Amino acid sequence: NPHISYYDSSNGDLKYTRWTGASWQTEIVDSDGDVGGYTSLALDGADRAHISYRDWTNGDLKYARRAGSTWARQTVDSPDDVGAYTAIALDSSGRPHISYYDATNNRLKYSAWTGAAWSITAVDTAGNVGEAASLALDPSGRPHVSYYDSYQAALKYARWGGSGWFTEIVDGMHGADVGSQTAIAVDANSRPLIAYLDDTNGSLKLAQWTGSAWQIQTVDSSGSIGGAISLALDAADRPHIAYVDTGSEVLKYVR
């Protein structure tokens, strides 16, 4: 059954709906100010919703989780202008991990719940980085993040190595503007796959880590590919991608 978190721009609320099997059950998660932008949703082992989102009023990163019949909400990061491009994932213990953009300092940040507090780190501070962030955890629970470097117009990737963050440029060093939209997934061997937008050529691309190098291919160049890229892997680790063709104004799917 599907669960969806979304932003109600008319009322400035974060909303959530789920299909019960017979109807949609919809509720307001947070209405304290203008909240709910850049929402991201993950379900734990009991199908309880965990949501990361932006508080537009205060410029904060917020988090909400389903706690019985109510919602438990908290501010994760403040007071800088943070919380854009949030992406949430849960580890095997059901603890949330969130990647997001710090607009005040133009950097990519990451927060993880330790069980007692939020551990917050700056992932990448080189230039203006962190927009279009997407997060996935590998089977060991380590985070992998794809994101946009707007200064270099490049797709970047970061992973936690156990004692620090490793970052690199995946694509974009040959004059093309790539990575303004990204989506990441990690296979059973902890190897990342990143679907992303090539703005210069209006095409959809996919980068796969082979274990020694990035293998990059153009997936779709028949039109003018836009945003809203979403990536998932099936049980055999084959990629499935949904995206928008802005030229034809259609929703497309490729596998």
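Residues numbered from 1 in each chain as written. Predicted model: local features only at pLDDT ≥ 70, side-chain atom pairs only at ≥ 80, totals over all residues. Heavy atoms only, no water.

*Asks:* Got a minute to help me understand the sheet that holds strand E6 (residues 60–67) in this structure?
*Replies:* Pairing between the strands of a sheet is mediated by backbone hydrogen bonds and can be parallel or antiparallel. Judged by pairing direction, the sheet is antiparallel, and its 4 strands sit side by side in the order E4-E5-E6-E7 without closing on themselves. Looking at strand neighbours, the two that pair on one side only are strand E4 (35–43) and strand E7 (70–77), the edges of this open sheet. Going from strand to strand, the sheet's axes swing by 25° on average, the running direction of each strand aside. Relative to E7, E6 runs antiparallel, the two sharing 7 bridges. Considered in E7, the bridge of leucine 61 is made with aspartate 77. (Pairing = 2+ DSSP bridges. Helix = DSSP H or I, 4+ residues; strand = E, 2+ residues; numbered from the N terminus. Axes fitted to C-alpha atoms, helices over the stretch in contact; angles between N-to-C directions.)

*Asks:* Sorry if this is basic, but what is going on with the environment of aspartate 237 here?
*Replies:* Following the sequence through the fold, aspartate 237 ends up in the loop between strand E20 (230–233) and strand E21 (239–245). Accessibility expressed as a relative area gives 26% for aspartate 237, which makes it partly exposed. Separated by 49 residues in sequence, aspartate 237 and alanine 188 have C-alpha atoms that sit 7.2 Å apart. Ignoring sequence-local partners within four residues, the contact set of aspartate 237 consists of Asp187 and Ala188. One polar contact links the side chain of aspartate 237 to the main-chain amide nitrogen of alanine 188, over a distance of 3.1 Å. (Buried < 20%, exposed > 50% of the residue type's maximum accessible area, 1.4 Å probe, protein only. Contact = heavy atoms within 4.5 Å. Polar contact = N/O pair within 3.5 Å; in protein donor to acceptor, adjacent residues only side chain to side chain.)

*Asks:* Is there a simple way to think about the pairing of strand E2 (residues 13–19) in this case?
*Replies:* Side chains on a regular strand alternate between the two faces of the sheet. Pairing analysis gives 6 bridges linking strand E1 (residues 3–8) to E2, with the strands arranged antiparallel. Opposite tyrosine 7, over in E2, you have leucine 14 as the bridge partner. Hairpin connection between E1 and E2: a loop of 4 residues separates the two successive antiparallel strands, and glycine 12 in this loop has a positive phi of roughly 70°. Direction of pairing for E2 relative to strand E3 (residues 24–30): antiparallel, over a ladder of 6 bridges. Paired with leucine 14 across the bridge in E3 is aspartate 30.

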